[in-house]
Every structure is written in C-alpha cells, then in structure tokens.
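A look at the structure
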Amino acid sequence: MTKKAERTTAYIIETVAPIFNKFGYVGTSMSDLTEATGLTKGAIYGNFENKEALALSAFEYNRNHLLSVVDEKLNVEGNSLDKLFSLIRFYRQYDVFTLPFGGCPILNVGVDAQNNNNQLSAAVKETIKEIEGKIALVLENGIKQGEIYLPVPPLQFAKQLFTMLQGAIAMSTMTRDRKYLVNTIAYLEQLVQKEIKK
C-alpha cells in the first residue's frame, strides 16, 4: 500500500469512526459516509471491502484510543490502589472523554451490533474482556504486594467493578443525567478505600 493510500485509509477511519459509533451499523448510510469524508462511494470502497469491514475498522480505532487511555491510567506511578483510583477517576469524566467519539464505543456498538453484526459484537466482547483482564492484573499485583484484600478472585472483582462503571455510563447516557456516573464513581472510591484496602 502506498503512503497516499495509507493516509486515505486512515483519514476515512478517523472521519467515520464517530459516525458509526453515534448512529450504529444499520443507522449509518453510505451517504452519511460520503458526505463526512468528501469522498465518493467508490473511493471509500476502494479502501475497504464492504461496509462491515469499515464499521469494524471504525470500532477498532475508537477502542484502541480507549484502551491506550485505560493503559495510561493503570500504569501510573504508585501502588495498586493508586492505579485503581487513577482508572476510577478517569471514568468520572468518561462522558466528556467520549464526546468526540459520539459516546461510549463499548455501550453504543455493543448494543447496536448485538442482533445485526456478529463481527462487531465479538469485537466489543473482546474489548470488555481485555479491560477486565487489565483491572484484574492490577488487583492480583495488589494482593501479592499485600496492599489489598479481596473476598473474591481478582477477575470476578474486576468484572463487577467494570459492570458498575458501564452500568453507570449506560444510565447517564440514557437519562442524560451525569449524577448516575458521578455517584457511582463516588461509591466505587468508597468501596475500594473501605473494603479492599488493607
């Protein structure tokens, strides 16, 4: 692939990623994509096999951006509690962070693709597992270092923590009320401080 073709492909993905995320796989029309990119249908499909391949690339673009920030938050200096608090604090502003994406890619694409796009649905599930695994690793290290106590296996706690975060995101999104997110974050900070800190 030439440099120009690579740049065009990257430009298309970057431009259409928020559109697919906001309007969904079915809800995004070819005219939405041509209008946003300023390219013809032929130019877009010259870079992607079909709409499904483009939607998957768009989701991967958004997910990679999210995962890089999750990694950054979990890799801060300090002990396992510092890392957990860093991630939880990031989610307090998650709605602001995902605004340029058109909202949370996990929530939006996960719900949208559930019954109409198996590839996208599988990619979302993989992303969820990846984030839960990253949180579980921090928890495991915290147990080994004697910094935290967990009454359940680390992965189980990580899944529960992430479920609460995503649930708060879903409720905030559907009601357009940030309190669901802010209050859940405050609760999780208390939970970590009082229940699992040694």
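In what follows, the structure referred to is the one given above.
Here is a short report on the structure shown in this document. Within each chain, residues carry numbers counting from 1 in the order of the written sequence. Per-residue local features of the predicted model are confined to residues with pLDDT of at least 70, and side-chain atom pairs are confined, for both listing and counting, to 80 or more; whole-chain, interface and lining totals are unaffected and use all residues. The basis for every side-chain value is the complete set of heavy atoms in the structure, and neither hydrogens nor water enter the calculation.

**Points about the overall build of the chain**
- When its secondary structure is counted, the chain shows 10 helices and zero strands.
- The linear arrangement of helices and strands in the chain, starting from the amino end, is α-α-α-α-α-α-α-α-α-α.
- Expressed along its principal axes, the backbone C-alpha trace of the chain runs to roughly 60 × 40 × 25 Å.
- Counting only residues that meet the buried cut, the chain has 44% of its 198 residues in that class.
- Restricting to contacts in the chain with at least 6 residues of sequence separation, those with at least 24 account for 66%.
- A 1.4 Å probe and the Shrake-Rupley method give the accessible areas. Residues count as covered only by the protein chains that appear here. Accessible area of the chain: about 10600 Å², with a carbon and sulfur share of 54%. Runs of E in the DSSP output that reach at least two residues are strands. Runs of H or I that reach at least four are helices, and both are numbered from the N terminus. Only protein chains enter the accessibility calculation, which uses a 1.4 Å probe; a residue whose area is less than 20% of its type maximum is buried, one above 50% is exposed, and one in between is partly exposed. Between two residues, a contact is recorded if the distance between any of their heavy atoms is within 4.5 Å.

**Some thoughts on the environment of Arg178**
- Along the chain, Arg178 turns up in the loop between α9 (154-175) and α10 (179-196).
- A sequence separation of 85 residues divides Arg178 from Gln93, and the C-alpha atoms of the two residues are 9.5 Å apart.
- Those residues in contact with Arg178 that sit more than four places away from it in its chain are Arg92, Gln93, Asp95 and Ser172.
- Polar contacts involving the side chain of Arg178 include one to the main-chain carbonyl oxygen of Arg92, which spans 2.7 Å. Polar contacts, as used here, are pairs of N or O atoms within 3.5 Å; protein pairs need one atom able to donate a hydrogen and one able to accept it. Residues neighboring in sequence count only if both atoms are side-chain atoms.

**What about the packing of helix α7 (residues 105-113) against helix α8 (residues 118-144)?**
- Where helices are involved, their axes are fitted lines through C-alpha atoms of the stretch in contact, as for all axes, and angles between N-to-C directions lie from 0 to 180°. It is at 8 Å that the axes of α7 and α8 come closest, and there the two elements cross at 140 degrees. Between α7 and α8, the angle falls in the class oblique. Judged by the twist between their axes, the crossing of α7 over α8 is left-handed. Contacts from Ile106, Val109, Gly110 and Ala113 of α7 reach α8 at Leu120, Ser121, Val124, Thr127, Ile128 and Ile131.
- Residues are grouped as follows: Ala, Val, Leu, Ile, Met, Phe, Trp, Tyr, Cys and Pro are nonpolar; Asp, Glu, Lys and Arg are charged; all remaining types, including Gly, are polar. Residues belonging to the contact of α7 with α8 are distributed by class as follows: seven nonpolar, three polar and no charged. Our angle categories are set so that under 35 degrees counts as roughly parallel, over 145 as roughly antiparallel, 65 to 115 as roughly perpendicular, and the remainder as oblique. A crossing counts as left-handed when the near helix is turned anticlockwise from the far one by less than a right angle, and as right-handed when that turn is clockwise.

**Re the layout of surface pockets**
- Computed from the structure, the largest pocket encloses a volume of approximately 420 Å³.
- Lining residues are those with an atom within 4 Å of a point, where the points come from a 1 Å grid over the protein atoms alone and group into cavities, where a 1.4 Å probe fits but cannot get out, or pockets, open sets with protein on both sides within 12 Å along at least five of seven lines. What lines the largest pocket is a set of 16 residues, and nearest its centre among them are Asp95, Leu99, Gly103, Thr173 and Arg176.
- Of all the elements in the fold, those that place two or more residues in the lining of the largest pocket are α6 (94-97) and α9.
- Considering every element that reaches the lining of the largest pocket, the biggest residue donor is α9, with three residues.
- Residue composition of the lining of the largest pocket, grouped by class: five nonpolar, six polar and five charged. Grid points are joined across faces, edges and corners, and a volume is the space filled by probe spheres set on the points.

**Focus: unusual backbone geometry**
- The backbone of Arg176 sits at a positive phi, close to 55 degrees, despite the residue not being glycine.
- Tracing the chain through its elements places Arg176 in the loop between α9 and α10.
- Accessibility expressed as a relative area gives 77% for Arg176, which makes it exposed.

**Observations concerning α7**
- The element α7 is largely enclosed, with a buried count of seven among its nine residues.
- Residues of α7 that are buried sit in contact with α1 (3-27), α4 (51-74), α6, α8 and α9.

**Observations concerning the pattern of salt bridges**
- For salt bridges, the criterion is a side-chain nitrogen of Lys or Arg within 4 Å of an Asp or Glu carboxyl oxygen. Per the stated rule, a full pass over the model turns up six salt bridges.
- For Asp71, the salt bridge goes to Lys134, with nearest N and O atoms at 2.7 Å. Of this pair, Asp71 sits in helix α4 while Lys134 sits in helix α8, and the two are 63 residues apart along the sequence.
- Glu72 is paired through a salt bridge with Lys73; the nearest N and O atoms lie 3.7 Å apart.
- Accessibility expressed as a relative area gives 23% for Lys73, which makes it partly exposed.

**Side note on the packing of aromatic side chains**
- For Phe, Tyr and Trp, where Trp contributes only its six-membered ring, two rings pair if their centres lie within 6.5 Å, and the inter-plane angle classes them as stacked under 30 degrees, edge-to-face over 60, or tilted in between. This structure, assessed with the given rule, holds seven aromatic pairs.
- Here Phe90 and Tyr94 contribute two aromatic rings whose centre-to-centre distance is 5.8 Å and whose plane-to-plane angle is 90 degrees, an arrangement assigned as edge-to-face. Assigned by exposure class, Phe90 and Tyr94 land together as buried.
- Among the aromatic side chains, those forming a connected cluster through ring pairs are Phe90, Tyr91, Tyr94, Phe97, Phe101 and Phe162.
- For the cation-ring pair, Lys51 lies above Tyr25, with the distance from its terminal atom to the ring centre recorded as 4.9 Å. We count a charge as sitting over a ring when the NZ of a lysine or the CZ of an arginine lies within 6 Å of the ring centre and within 35 degrees of the ring normal.

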